[in-house]
Amino acid sequence: MTTQNYIFDGSLEDLKNIFGRNDENMGIVEDAFMTSVILGDGIITVEGENESAVRHSLNVIKNVAEASKAGEIVTRQLVAYYCDMESVGKAPAPGTILTDCVCLNAKGNPIKPKTAGQKAYVDAIVSNTVTFGIGPAGTGKTFLAVAEAVSELRKNQVSRIILTRPAVEAGEKLGFLPGDLQNKVDPYLRPLYDALFDIMGFDSFQKKLEKGVIEIAPLAYMRGRTLDSAFIILDEAQNTTREQLKMFLTRIGNGSRAVVNGDVTQIDLPRDTASGLKSAKNILDGIEGIAFVNFTERDVVRHELVKKIIKAYEKYEEKEIKK
C-alpha cells in the first residue's frame, strides 16, 4: 500500500468546493485511479496499491485545489477533465486556464476557458486574424468566440459584430417553415442569439441589433461585401462548400478578425458535395495570421454524458470505416 499526503492551506469553503456534495468530486478521482481519498485535520491523504496511481490522484487534487483558490466552482465535470488530462500526461496548470477572463456576462460573472483546448482557442483568436475552431458539439466554440467578440467590441477594438451560418436544412426544408424569410432563417441562427443574450443581456443586445452594431444573418448575405473593423463569426462551417468558405474568408476587411467554427462529424450537405471546412486546413495551413485549433471530447463542457455519447459515435464510425 502506498500513501501520500497533501497539506491543504485553503479555507473551509474551498475544501467543501473541492470535495463536492457528499464527497462526489473525490469519488471521481478514486474511480479514475483506483485510489482512496481521505480527509483529516486539513490533510488530504491518498492511498492506493499503485504508486503511480496515488501520484496521479494527488496531482489532480492539487490542480483542483488551485482552481478553487482561483475562484472556480469545482464541478464533477471539471474534476473528470483534470483526471482525463492527468491520465494522458497533459494536465495543465490551473492558473494557465482558469484565471484568464475573456469578458463578464450580463450578470457580471466572468467567462473563462475551462479546458486546455478552450484556452488554446481563445489565445489563437487574440493572436490571429482568422481562427478555425474544429471539434465536437459542446466544446464551447461558439460561446467563447461570441464572448471574445463582445470583449473586443466593449474595448472599441472593433466597431461591430457579425455572426453568420449557412442555412442548411437538417431534416426540414426552409420552404415548409412558417413566416417570412427572417422567420425562416431565425431557427438556424438561434444558438448565436442565445450566446449573445447570455453574455450581453437582452436589452443591450436589442439596442445594438437595432443600431446595426450587431448583425446576425445567413451566410448568403455576406456575398459581395467588404467587412471592415468587424469581428466576424462563421458558425456550423462544416455545412459550407469550398466556394462558400472562400467567399466568406475573402470578405475580411481592414481591422477585422474572423472565427470559423464547425464539427466535421456533423455535415448536413448532400453526399456528393464536399465540405469546405474539411479541406480548409490542407489549403490554408501555414499561412501567417491563420490558426487551426482542434477540440476533442476532453474539451466538452456540457453534461458529462455528452462526452460519452461523442466517444461512442466515434468508435461506431471507426468500425463502419473498417468494414
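First, a word on what this report is: a plain description of the structure on this page. (Residues numbered from 1 in each chain as written. Predicted model: local features only at pLDDT ≥ 70, side-chain atom pairs only at ≥ 80, totals over all residues. Heavy atoms only, no water.)

## A short note on the side chain of Thr 115
Then, in step 1: Tracing the backbone shows Thr 115 in the loop between strand 5 (110-111) and helix 5 (116-127).
Then, in step 2: At 2.7 Å, the side chain of Thr 115 and the side chain of Asp 299 are in polar contact. (Helix = DSSP H or I, 4+ residues; strand = E, 2+ residues; numbered from the N terminus. Polar contact = N/O pair within 3.5 Å; in protein donor to acceptor, adjacent residues only side chain to side chain.)

## With respect to the sheet that holds strand 2 (residues 36-40)
Adjacent strands of a sheet form backbone hydrogen bonds with each other and so pair up, either parallel or antiparallel.
Then, in step 1: If you walk across this open sheet you meet the three strands as 1-3-2, and the pairing is antiparallel. In this open sheet, the two strands that pair with only one neighbour each are strand 1 (2-7) and strand 2. Each strand of the sheet is rotated relative to its neighbour by a mean of 20 degrees, with strand direction disregarded.
Then, in step 2: Direction of pairing for strand 1 relative to strand 3 (residues 43-48): antiparallel, over a ladder of six bridges. Each residue of the ladder has a partner; that of Ile 7, found in strand 3, is Ile 43.
Then, in step 3: In the packing of helix 3 (residues 51-69) onto the sheet, the strands contacted are strand 1, strand 2 and strand 3, and the crossing angle to strand 1 comes to about 15 degrees. (Pairing = 2+ DSSP bridges. Axes fitted to C-alpha atoms, helices over the stretch in contact; angles between N-to-C directions. Contact = heavy atoms within 4.5 Å.)

## Topic: a nonpolar patch on the surface
Then, in step 1: Together, Leu 305, Ile 309 and Tyr 313 give the surface a local cluster of nonpolar side chains, amounting to about 310 Å² of exposed area.
Then, in step 2: When you line up the elements, Leu 305 lands in helix 11 (residues 304-322).
Then, in step 3: When its relative accessible area of 47% is taken as the criterion, Leu 305 is described as partly exposed. (Patch = residues over 30% accessible without salt bridge, like charges linked within 9 Å, V, L, I, M, F, W, Y side chains within 5 Å. Areas by Shrake-Rupley, 256 points an atom, 1.4 Å probe, with all protein chains shown as cover. Salt bridge = Lys/Arg side-chain N within 4 Å of Asp/Glu carboxyl O. Buried < 20%, exposed > 50% of the residue type's maximum accessible area, 1.4 Å probe, protein only.)

## Observations regarding the sheet that holds strand 7 (residues 160-165)
Then, in step 1: Spatial ordering of the open sheet is given by 8-7-9-10-6-11, a layout of six strands whose pairing is parallel. Since the sheet does not close on itself, it has two edges, and those belong to strand 8 (214-218) and strand 11 (290-294), each with one partner. Within the sheet, the average angular offset between the axes of one strand and its neighbour, ignoring direction, is 15 degrees.
Then, in step 2: Here five bridges tie strand 7 to strand 9 (residues 230-234), and the two strands are oriented parallel to one another. Counted as the bridge partner of Ile 161 is Phe 231 from strand 9.

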